[in-house]
Amino acid sequence: MSWAVRPATDETTDLEAIVEVVRASNPDEPTSIAEMRWSDEVYPGIARFLAEDAGRTVGAATVGRIFMYPPEFPALWGTVDVLPDARRQGIGTALLRAISSFARSAGKPTLHVSASEARPEGIAFLRGHGFEERERSKTLRLDLADLEPPTIDPPAGVRLTSLAERPDLVPGVHAVALETFVDIPGEEPMAAGDFAEFRTRDVDRSTIPAGGFVVALDAATDRVIGYASLLFRPGSTTVAWHDMTAVVRDWRGRGVAAALKRATIAWAIGNGLEALESSNDDANASMRAVNVRLGYRPLSDEVTMRGIAVETKITA
């Protein structure tokens, strides 16, 4: 056995190695150097590890705070990626031990690790280490080539704008997030965070275009009643995720969410994007129905696996 696991640094060569391993191992969930450095700046304390064999990086793992939960949430998120030709040699297990050791030292011995049904071997690996399915999300994609911009047509009494046009609306958007994040399906309620955290994470990121951040207003009062935002995939300027679509409770069921979604699609087409992707919890039937009506096609399910951090000592 010639490979070994070591902590990664923020040196460009280490981060480039992580990008390449993730691209080869898990292309549906890419990362980038800019994305990692943003995460380190906003949520310090993230740890990364590399597995190397004769000078070649063959695996990578990351562990840190789950952004959408408060700091006291008793679990960390983790990733484990190993190049296909380096699997079944114990490298994935060693990387899992590395992030487990970090989690335990942080007093949070539970890990959440994302996996895809497109790669069942990853789910099997986690199950083999005692992980169980916690949540399941339906992922979808809308290809925009040759697609005509949809008619936006907001419901009566609703006016749509964007943060590019109305940057003063960010406090109102935050108020919507405070009300709606707790309604997102899942075992524990998500947290929008205070205004500063929300703005840094969900508004001011360079990968969140202000023109594609659509805001719904009550036309009579100018109150923010909903919003929809896009987030470019790491390293891409042509494919974006639907980061969030939210509507306050007293305006739901009137077509606001669908109008917001259509507006983001129209913006994406007008700005030369190739595709939009979305992910909704299996229990979020209403938003899943909106996506189906808009023509999104299903991709493989995304599964969050939860397990106790592996206790075995790290051995190379």
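Check the entry above for the structure.
Since the model is a prediction, treat every value here as computed from it, not as a measurement.

Cut-offs used in this document
- Counting from 1, residues in each chain are numbered in the order their sequence is written.
- Only residues with pLDDT of 70 or above have their local features reported here, since the model is predicted, and side-chain atom pairs are shown and tallied only from 80 upward, although totals for entire chains, interfaces and linings are computed over all residues.
- Hydrogens and waters are ignored; side-chain quantities use all the structure's heavy atoms.
- For every residue, the accessible area obtained with a 1.4 Å probe (protein chains only) is divided by the maximum for its type, and the residue is called buried under 20%, exposed over 50%, and partly exposed between those limits.
- Secondary structure follows DSSP: runs of H or I at least 4 residues long count as helices, runs of E at least 2 residues long count as strands, and numbering of each begins at the N terminus.
- Pairing between strands is defined by DSSP: at least two bridges between them are needed.
- By definition, the crossover connecting two strands over a helix is right-handed if that path, from the first strand to the second, turns clockwise as seen with the strands pointing away from the viewer.
- Lines fitted to C-alpha atoms define the axes, with helix axes restricted to the stretch in contact, and inter-axis angles between N-to-C directions lie between 0 and 180 degrees.
- Each angle is binned into one of four classes, with values under 35 degrees roughly parallel, values over 145 roughly antiparallel, values of 65 to 115 roughly perpendicular, and all other values oblique.
- The handedness criterion is simple: a crossing whose near helix is rotated anticlockwise from the far helix by less than a right angle is left-handed, and one whose near helix is rotated clockwise is right-handed.
- Every residue pair with non-hydrogen atoms within 4.5 Å of one another is taken to be in contact.
- Polar here means any residue other than Ala, Val, Leu, Ile, Met, Phe, Trp, Tyr, Cys and Pro, which are nonpolar, and Asp, Glu, Lys and Arg, which are charged; Gly is therefore polar.

Colleague: Sorry, what's going on with the pairing of strand β10 (residues 239-247) here?
Modeller: Taken residue by residue, a regular strand's side chains alternate between the two faces of the sheet. Taking burial as the measure, the nine residues of β10 include seven buried ones, the bulk of the element. Sheet topology note: the strand β9 (residues 224-232)/β10 ladder contains seven bridges and is antiparallel. Each bridged residue has a counterpart across the sheet, and for Ser229 the counterpart in β10 is Met244. In sequence, β9 turns back onto β10 through a hairpin of six residues, with Gly235 there showing a positive phi of about 80°. Pairing of β10 with strand β11 (residues 275-281) involves three bridges; the strand directions are parallel. Looking at the pairing, Trp241 lines up with Glu277 of β11. For the crossover from β10 across helix α7 (residues 256-270) to β11, the handedness is right-handed.

Colleague: Please explain the packing of α7 against helix α8 (residues 285-293) as it appears in this structure.
Modeller: In helix packing, the relevant descriptors are the interaxial angle and the interaxial distance, both defined with respect to the helix axes. Interhelical geometry of α7 versus α8 gives an angle of 45° and a closest axis separation of 10 Å. Relative to α8, the element α7 is oriented oblique. Between α7 and α8 the crossing geometry is right-handed. Listed contacts from α8 to Ala257, Ala258 and Lys261 of α7 are Met287, Val290 and Asn291. Class assignment of the residues belonging to the contact of α7 with α8 gives a composition of four nonpolar, one polar and one charged.

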